Amino acid sequence: AEARWRTAEATAARARARADALEQQLHNVREAGGAGSLDALDGVVGALVDHLEVEPGAEAAVAAALGDAMLAVVVERGDAVRSAVERLEADGARALLLVTDPTSGSGAQPALVPPGARPVAELVRSAVPGLTAVLHQLLAHTVLVDSWRTALDLVVAQPELVAVTTEGSRLGGL
């Protein structure tokens, strides 16, 4: 029983350390994305990572699929975009801005998904009006597969696709 207790304590300590590391990474992502200098502006929704709803177990795949877009700041279409760019220029800062349009449709037409793959766009959504359409556009040619070998075979056969795995590997040219 004592050995099981020590094992459980060690597992819990590793989980706490991982949670602390993830919290630090999330803080770094917010700062690197430039969201801090834009927070007070009307129409700035905030850091993309704060507005994603990802299917459980697909977090690493979605992060790999979005790549640098994970650092983006979400801004509503209209005057907010101009205000955000002007603020960034005045501060000498840079940021990737994802512009949402609450009146837009469902996003880009997805690529044909080969057997055994799943569109990554199905794994992520947002309650922010218009943001799910932006995500679907970003991920229109990205699919989830079961292994890096499958991803490699897929992108060699269909170079217009990007393939990601649940472990967070990403292969493809887009």
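Description of the structure in this document. Treat the numbers as computed from the prediction; the structure is a model and nothing was measured.

Turning to the overall build of the protein chain, a few remarks are in order. The secondary structure content of the protein chain amounts to six helices and nine strands. Across the 174 residues of the protein chain, 34% fall into the buried class. Of the contacts formed within the protein chain by residues at least 6 apart in sequence, a portion of 62% connects residues at least 24 apart.

In this section: the side chain of Ser126. Relative to the helices and strands, Ser126 resides in the loop between β6 (124-125) and α5 (131-138). Judged by relative accessible area, which is 12%, Ser126 ranks as buried. In terms of polar contacts, Ser126 uses its side chain to reach the backbone carbonyl oxygen of His51, at 2.7 Å. Among the polar contacts listed, one links the side chain of Ser126 to the backbone nitrogen of Val128, at a separation of 3.1 Å. Dropping the residues within four chain positions of it, Ser126 is found in contact with His51, Glu53, Leu131, Thr132 and Leu135.

What follows covers the environment of His51. Tracing the chain through its elements places His51 in the loop between β1 (44-47) and β2 (53-54). A relative accessible area of 22% means that His51 is categorised as partly exposed. In this structure the C-alpha to C-alpha distance between His51 and Leu131, which are 80 residues apart in sequence, comes to 8.7 Å. Within the structure, the side chain of His51 is placed 3.2 Å from the backbone oxygen of Val45, a separation counted as a polar contact.

As a further point, take the side chain of Thr142. Along the chain, the position of Thr142 falls in strand β7 (residues 142-145). Looking at Thr142, the relative accessible area reads 6%, which means it is buried.

If you walk through the whole model with that rule in mind, you get six salt bridges. Of the charged contacts in the structure, one is a salt bridge between Glu53 and Arg125, with a shortest N-O distance of 3.7 Å. Here Arg125 lies in strand β6 and Glu53 lies in strand β2, a separation of 72 residues in the sequence. Relative accessible area serves as the criterion here: at 39%, Arg125 is assigned to the partly exposed category. Across the salt bridge formed by Asp101 and Arg77, the nearest N and O atoms sit 2.5 Å from each other.

What follows covers the sheet that holds β1. Overall, mixed pairing links the three strands, which are arranged β1-β3-β4 in an open sheet. Bordering the open sheet on either side are β1 and β4 (97-100), each of which pairs with just one other strand. Each neighbouring strand pair of the sheet contributes to a mean axis angle of 20 degrees, computed without reference to strand direction. The pairing of β1 with strand β3 (residues 73-76) spans three bridges and is classified as antiparallel. Across the sheet, the residue bridging to Gly46 is Val74, located in β3. Taken strand by strand, α5 contacts β3 and β4, and its axis lies near 125 degrees from that of β4.

The rules behind each value
Residues numbered from 1 in each chain as written. Predicted model: local features only at pLDDT ≥ 70, side-chain atom pairs only at ≥ 80, totals over all residues. Heavy atoms only, no water. Helix = DSSP H or I, 4+ residues; strand = E, 2+ residues; numbered from the N terminus. Buried < 20%, exposed > 50% of the residue type's maximum accessible area, 1.4 Å probe, protein only. Contact = heavy atoms within 4.5 Å. Polar contact = N/O pair within 3.5 Å; in protein donor to acceptor, adjacent residues only side chain to side chain. Salt bridge = Lys/Arg side-chain N within 4 Å of Asp/Glu carboxyl O. Pairing = 2+ DSSP bridges. Axes fitted to C-alpha atoms, helices over the stretch in contact; angles between N-to-C directions.

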